[in-house]
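# Architecture at a glance
Each chain, written out:
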Amino acid sequence: MLLFLKSISFRSVNPQNQESDQQDMNNNSCRELATTTSTSSSCISLTVWRKSLIFSCKGFTVIGSDGSLVYRVDNYSGRRGQITLMDGSGKPILTICRQKKLRLVDNNWFIYEGEVGDDNYNSNSSKSSSSRKKPIFSVKKQMKILHSNVNVLAHVYYQGISKKRYSYIIEGSYANRSCKVLDAESRNVVAEIRKKKAVTGGVTFGLEVFVLVVMPGFDSGFAMGMVLLLDQMFS
């Protein structure tokens, strides 16, 4: 499985082409995004596979342009409402928890650094609030029925939901694997989800394999966290 994903990330789809073709395509994606954001530095292009490398588990596998395993998500359905993003070696980077409230629609998610337990997002936990890990970001899904801008998917707030002003805004369509994460103040694109295109014709990757392009200065782990959130919200 991993060898297959590495091959679609690092090599050309057609074995008769040179291995550099796929790298050139990733570089072109970075250049296109850099042009739209007026940034000349190189960016990061990751291939995201919506599948865990562990048998019988759901999750994600993320491969770099050099074919290395960068991020992974295993046991995707092991805990309802909680996902942990790990690096290639299995070290927890971020944990995403859905806020638990007694209402019909829950549209808030919390992002924590590292790994956390159920008590961090369970309001019925016996642990005091001071002993719980604090979220570094909160994300609120946009309710289409309440807003005129249907292109907006979610707003990302820094340091929990107490902040009224959001830091990032996510626009586009996750169902079509076409989304952008924008800085709320500058409106610059900091990360983008795109469909993965074959270097040559004849191969279709579908929606399970796509590309995550991350601009310089924006954390690729946090960008992958946005992918996990969108998958929770719209899958």
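Below you will find a few notes about this structure.

Procedures and definitions
- Residues numbered from 1 in each chain as written.
- Predicted model: local features only at pLDDT ≥ 70, side-chain atom pairs only at ≥ 80, totals over all residues.
- Heavy atoms only, no water.
- Buried < 20%, exposed > 50% of the residue type's maximum accessible area, 1.4 Å probe, protein only.
- Helix = DSSP H or I, 4+ residues; strand = E, 2+ residues; numbered from the N terminus.
- Salt bridge = Lys/Arg side-chain N within 4 Å of Asp/Glu carboxyl O.

## Structural notes on unusual backbone geometry
Phi is positive for R177, close to 50 degrees, though the residue is something other than glycine. Exposure remark for R177: the relative accessible area of 5% places this residue in the buried category. The phi torsion at R187 lies on the positive side, around 65 degrees, for a residue other than glycine. Here R187 is to be found in the loop between β10 (178-183) and β11 (189-195).

## Details of the pattern of salt bridges
Opposite charge on two side chains lets them pair, provided their charged atoms get close. Throughout the structure, instances matching the rule amount to 5 salt bridges. The residue E208 makes a salt bridge to R50 at a minimum N-O spacing of 3.5 Å. Within this pair, whereas E208 is found in the loop between β11 and β12 (209-214), its partner R50 is found in the loop between β1 (44-49) and β2 (60-63), the two being separated by 158 residues in sequence. E208 gets classed as partly exposed once you look at its relative accessible area, which sits at 34%. Among the residues examined, R50 registers a relative accessible area of 27% and is labelled partly exposed. Among the salt bridges present, the one from E192 reaches R194, with a minimum N-O distance of 3.2 Å. The pair E192 / R194 is uniform in exposure class, with both members buried. Here the residues in one salt-bridge network are R50, E208 and D231, joined through shared partners.

Any functional reading would require information that these geometric values do not contain.
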